[in-house]
Amino acid sequence: MDFPTVLVVDFGAQYAQLIARRIREAGVYSELVGSDTPVAELLARKPAAIVLSGGPSSVYAEGAPQVDPAVFEAGVPAFGICYGFQAMAASLGGTVARTGDREYGGTPLTVTTPGSLFGALPAEQSVWMSHGDAVSAAPPGFTVTATSTGAPVAAFEDVDRRLAGVQFHPEVRHTAHGQTVLEHFLFDIAGLERSWTMANVVEEQVAAVRAQIGDRRAICGLSGGVDSAVAAALVQQAIGDRLTCVYVDHGLMREGETEQIERDFVAVTGADLRVVDAGEQFLGALAGVSDPEQKRKIIGREFIRVFEQAALDVVAEAEEHGETVDFLVQGTLYPDVVESGGGTGTANIKSHHNVGGLPEDLTFTLVEPLRTLFKDEVREVGRQLGLPDTLVQRQPFPGPGLGIRIVGEVTRERLDVLRQADAIAREELSAAGLDTEIWQCPVVLLADVRSVGVQGDGRTYGHPVVLRPVSSEDAMTADWTRLPYDVLARISTRITNEVAEVNRVVLDVTSKPPGTIEWE
Ligand SMILES: Nc1ncnc2c1ncn2[C@@H]1O[C@H](COP(=O)(O)OP(=O)(O)OP(=O)(O)O)[C@@H](O)[C@H]1O
Ligand SMILES: O=c1[nH]c(=O)c2[nH+]cn([C@@H]3O[C@H](COP(=O)(O)O)[C@@H](O)[C@H]3O)c2[nH]1
Ligand SMILES: NC(=O)CC[C@H](N)C(=O)O
Ligand SMILES: [Mg+2]
């Protein structure tokens, strides 16, 4: 590790990676490690500090993951959050119990002793809690610095030993002063300094990709989206023209997408791009399939089949013979990984085509330089690489495309209907200047639902489309965007007038959680 690194020990929280990301935001490099990592291995990495994450277990339960006191004896600064706070207390001689006073969501916190963790922050503040257990007695040597109704010991610190912890979640935005508390730990208790920026990611990843691929060849799945554009630009910097980009037109794209990629990406980067028309192949494989997970796996598999063929073509054209292309570059981000159940002990919410949807017989070695990052971090990497805002600020569009926005079987006719409705919604949202305000706005066709309408004095029996405008910072959580009524009205009128099969437009007003952004 070249930069002082804070290791976040992941006890199985959906949001553990958020902690690492907030630490990086504070200017200190951070990575996750599994909670089963042996202490010796942990310490051998010479972490600048250790943060213990939240998690679903109860420390006093049999088999619950524990923290070896050796971690604290080694003199490494440590910070516990929620479960990590409780595990720290238990390990150092404090007590943890089920208090019966659960706290979920926004909770008032009273700072009893400002100390180093709270410093000049207000004595009363709102924090985000999610616990049923609580520390009932702090370990010897610690000062209790805050309290809440359900957590008599809601924060503690032992500045001499450079140890501290909190029951609440400083990493979530809903905790008013969360980032400041985290920074107080990093800078005032652990004594670290700001030593890292997104520019370091570029340097470090370019070097890592160079070491991984060497003088061999790679192909990159390029979608025209932000993540693959940034991944491709980064790998291009590492291996130059030994990278071939492959854009798969799987027939599930939106209107104008294929033309746009040529214009935006190739013009800017001069990349070697091949466009593969695989519409027949994908639609054939999806025929008769309605189950979302099955669709995702089929799409993930067909993508790989196309990449395999493209790799053979690249080899056939290459001057040196006997070569193979063994590396596949993908713009995989951390949310794709965690939702596919790829975090340490996290649930499978949906199989993203590029992670959980990959076929078992995958022979490519994956190159995923953005795998630990969140979208806004990737946008920053893109800017560092000199990509223009038109590319870097694009709204996300999922790899499986309109295939997971048709609830029911995917057919060519249904895709045409959805494509028209989607184009109208996008056109009106752009015209209203709302593109930067919304994260993305999926338009979903409820192909198996019909409702009665009246148009031109006649009866219609058509399908509804759903508008799903969301605001988000990183796609891990989202809220539905309060679009102006007149914009909604224009979209609705135009879709029902211009798309013959659609006679109803509905608005999705669900946040994430409980809903996900895409319907499938
Ligand atoms: N049509 C496509 N052709 C080739 N590769 C694709 C295609 N769609 C997706 N991929 C691959 O799958 C990865 C994940 O897709 P995803 O949609 O998450 O990222 P993206 O399209 O690059 O960015 P964005 O999130 O902005 O849409 C991409 O980074 C890319 O490597
Ligand atoms: O490349 C992708 N392959 C997928 O299989 C996939 N599924 C969801 N998404 C995108 O991920 C973000 C979170 O979406 P969800 O709330 O629906 O899980 C949103 O931005 C979604 O558009 C995908 N992107
Ligand atoms: N979010 C957490 O880390 C929860 C910790 C523990 N399971 C509790 O309920 O108190
Ligand atoms: Mg995409």
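An unreviewed UniProt entry lists the protein under the name GMP synthase [glutamine-hydrolyzing], with Goekera deserti as the source organism. In its Function (unreviewed entry) section, the UniProt record describing the protein reads: "Catalyzes the synthesis of GMP from XMP." UniProt, in the comment section headed Pathway (unreviewed entry), describes the protein in these words: "Purine metabolism; GMP biosynthesis; GMP from XMP (L-Gln route): step 1/1."

Q: Describe the domain arrangement of the protein, listing the residues and the values that go with them.
A: Domain boundaries in the protein define domain 1 (5-189), domain 2 (198-392) and domain 3 (405-507). Each of domain 2 and domain 3 has a C-alpha centre, and the two are 28 Å apart. On the domain 3 side, the residues contacting the 13 residues of domain 2 number 12 residues.

Q: Can you tell me about the packing of helix H8 (residues 226-239) against helix H13 (residues 375-384), naming the residues and giving the values?
A: Contact geometry of H8 with H13 gives a least axis separation of 9 Å together with a crossing angle of 40°. Relative to H13, the element H8 is oriented oblique. Crossing handedness for the pair H8 and H13: left-handed. Counted together, Val226, Asp227, Ala229 and Val230 of H8 and Val378, Arg379, Val381 and Gly382 of H13 form the full contact between these two elements. Of the residues that constitute the contact of H8 with H13, the class distribution is 5 nonpolar, 1 polar and 2 charged.

Q: I'd like a rundown of the sheet that holds strand S9 (residues 163-166), residues and numbers included.
A: Reading across from one edge, S2-S1-S3-S4-S9-S8-S7-S5-S6 is the order of the 9 strands in this open sheet, with mixed pairing throughout. Edge positions in the open sheet fall to strand S2 (29-34) and strand S6 (124-137), since each of these has one partner strand only. Neighbour-to-neighbour, the strand axes of the sheet open up by a mean angle of 20°, direction not taken into account. Looking at chain direction, strand S8 (residues 155-158) and S9 are connected through 4 bridges and run antiparallel. Residue pairing for S9: aspartate 158 is matched across the bridge by leucine 163. This element, helix H1 (residues 16-25), spans strand S1 (5-10), S2, strand S3 (49-52) and strand S4 (78-81) of the sheet and lies at about 160° to S2. Relative to the sheet, helix H6 (residues 178-189) contacts S3, S4, S8 and S9, its axis offset from that of S9 by approximately 175°.

Q: Provide a residue-level description of the pairing of S1, including the pertinent values.
A: Within S1, 6 of the 6 residues are buried, which leaves the element mostly enclosed by the surrounding structure. Of the two faces of S1, the one carrying Thr5, Leu7 and Val9 and the one carrying Val6, Val8 and Asp10 are both buried. The parallel pair S1 and S2 is bridged by H1, and the resulting crossover is right-handed. The pairing of S1 with S3 spans 4 bridges and is classified as parallel.

Q: Summarise the pairing of S9; cite the residues concerned and give the values.
A: Along S9, one buried face is formed by Leu163 and Gly165 and the opposite face, lined by Ala164 and Val166, is buried too. By the bridge criterion, 4 bridges tie S4 to S9 in an arrangement that is parallel. Each bridged residue has a counterpart across the sheet, and for alanine 78 the counterpart in S9 is leucine 163.

Parameters at a glance
All residue numbers here refer to positions counted from 1 along the written sequence of the relevant chain. Ligands are numbered from 1 and chains lettered from A, in the order in which they are written. It should be noted that, the model being predicted, local features are given only for residues of pLDDT at least 70 and side-chain atom pairs only at 80 or more, the latter also being counted only at that level, while totals for whole chains, interfaces and linings use all residues. UniProt positions are given in the numbering used here, feature names are shortened, and annotations may be inferred rather than shown by experiment. Each domain's limits were defined by an automated method or a database of domain assignments. In this description, a residue-residue contact is defined by the distance between C-beta atoms placed from the backbone, which must lie within 7 Å. To obtain each axis, a line is fitted to C-alpha atoms, and for helices this fit is confined to the stretch in contact; angles are then taken between N-to-C directions over 0 to 180 degrees. In DSSP terms, a helix is any run of H or I states spanning at least four residues, a strand is any run of E spanning at least two, and both are numbered starting from the N terminus. The cut-offs work like this: below 35 degrees is roughly parallel, past 145 is roughly antiparallel, 65 to 115 is roughly perpendicular, and the gaps in between are oblique. Each crossing gets its handedness from the near helix: less than a right angle anticlockwise from the far helix is left-handed, clockwise is right-handed. Just so you know the grouping, Ala, Val, Leu, Ile, Met, Phe, Trp, Tyr, Cys and Pro go in nonpolar, Asp, Glu, Lys and Arg go in charged, and all remaining residues, Gly too, go in polar. Two strands make a pair as long as DSSP finds a minimum of two bridges between them. Remark: C-beta atoms are placed from the backbone, and a residue is labelled buried if 20 or more other C-beta atoms sit within 10 Å of its own, exposed if 12 or fewer do, or partly exposed between those counts. The crossover handedness rule: strands pointing away from the viewer, path from first strand over the helix to second strand clockwise, crossover right-handed.

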